[in-house]
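# Understanding the architecture of this molecule
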Amino acid sequence: MIGNYVSGLSIDNQRVIGQVVSVSRTSEGPVLNLHNGYRVKLDNIDEMTLPPLPSNPNNTGNTGNTGNTGNTGNTGNTGNGGESSPTTGGDTTSNPGSGETTNGNNENETT
């Protein structure tokens, strides 16, 4: 009941609507205490509803984490020609002016 919205007749005989914040046990039976200060006997409730949904209909809550991406291969060595030719995953490239081939396994091969 707590958190729900109710409408009914207050103990002062007024038509009221409000959110239930607590329930009191009295000699006359349970009384719902509303957020706006009104009190309604359980027997005098006309309707009880759930709280309204969030005002942002696109708010679907948090999504789960995505998985990690895989690691890329090692970067190749720079040849003697002074130009860097990075490679990934073991690909082979030539370094101009060096006469060497660099591969992703950090080994130099002479051509």
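All of these numbers come straight from a predicted model, not from anything done at the bench. Chains are numbered independently. Their residues run from 1 in the order of the written sequence. At least 70 in pLDDT is required for a residue's local features to be given in this predicted model, at least 80 for side-chain atom pairs to be given and counted, and no such filter applies to totals for whole chains, interfaces and linings, which use all residues. Note that water and hydrogens are dropped before the side-chain values are worked out from all heavy atoms of the structure.

## Thoughts on the pattern of salt bridges
Filter applied, for reference: Salt bridge, as used here, is a side-chain nitrogen of Lys or Arg placed within 4 Å of a carboxyl oxygen of Asp or Glu. Put simply, DSSP marks the helices as runs of H or I at least four residues long and the strands as runs of E at least two long, and each gets a number from the N terminus on. Burial here depends on accessible area, computed with a 1.4 Å probe over protein chains only, as a share of the maximum for the residue type. Under 20% is buried, over 50% is exposed, and the range in between is partly exposed.
According to the stated counting rule, one finds two salt bridges in the structure shown. In this structure, the salt-bridge partner of R15 is D46, at a minimum N-O distance of 2.3 Å. On the criterion of sequence distance, the pair formed by R15 in strand β2 (residues 15-26) and D46 in strand β4 (residues 39-49) is long-range, its members being 31 residues apart. Under the relative-accessibility criterion, D46 is labelled exposed at 52%. Residue K41 is joined to E28 by a salt bridge in which the shortest nitrogen-to-oxygen separation is 2.7 Å.

## Examining the environment of V31
Here is the rule: Contacts between residues were defined by any pair of non-hydrogen atoms, one from each residue, lying within 4.5 Å.
Take V31: it is sitting in strand β3 (residues 29-34). Along the chain, V31 and N44 lie 13 residues apart, while their C-alpha atoms are 9.3 Å from each other. Discounting chain neighbours no more than four positions away, the residues touching V31 are S22, V23, S24, T26, R39, V40 and K41.

## Overview of the environment of Y38
Here Y38 is to be found in the loop between β3 and β4. Linking Y38 and I17, residues 21 residues apart in sequence, is a C-alpha distance of 8.6 Å. Beyond its immediate stretch of four places on either side in the chain, Y38 contacts S10, Q14, V16, L32 and N33.

## Topic: the pairing of β3
So the rule is basically this: Strand pairing is assigned whenever DSSP detects at least two bridges linking the two strands.
Most of β3 is tucked away, with five of its six residues classed as buried. In this structure, β2 lies alongside β3, joined through six bridges in antiparallel fashion. Along β3, the bridge assignment pairs S22 with N33. Here β2 folds back onto β3 in antiparallel fashion, the turn holding two residues. Looking at chain direction, β3 and β4 are connected through three bridges and run antiparallel. By the bridge assignment, N33 is partnered in β4 with R39. In sequence, β3 turns back onto β4 through a hairpin of four residues, with G37 there showing a positive phi of about 95°.

## Re unusual backbone geometry
Even without being a glycine, N13 presents a positive backbone phi close to 65°. Its location among the elements puts N13 in the loop between β1 (5-10) and β2.

## Describing the environment of V40
Mapped onto the fold, V40 is located in strand β4. The buried category is assigned to V40, whose relative accessible area is 0%. A C-alpha to C-alpha distance of 9.8 Å links V40 and G18, two positions 22 residues apart in sequence. When neighbours within four sequence positions are excluded, V40 is seen to be in contact with L9, S10, V16, P30, V31, L32, L34 and I45.

## Thoughts on the sheet that holds β2
Note the cut-off: Convention adopted: a line fitted to C-alpha atoms gives each axis, helices being fitted over their contacting stretch, and angles between N-to-C directions are expressed from 0 to 180 degrees.
Spatial strand order, β1-β2-β3-β4: four strands in a closed barrel with antiparallel pairing. Taken over all neighbouring pairs, the strand axes of this sheet differ in orientation by 60° on average, direction set aside.

So far we have only geometry, and geometry alone does not tell us how the molecule works.
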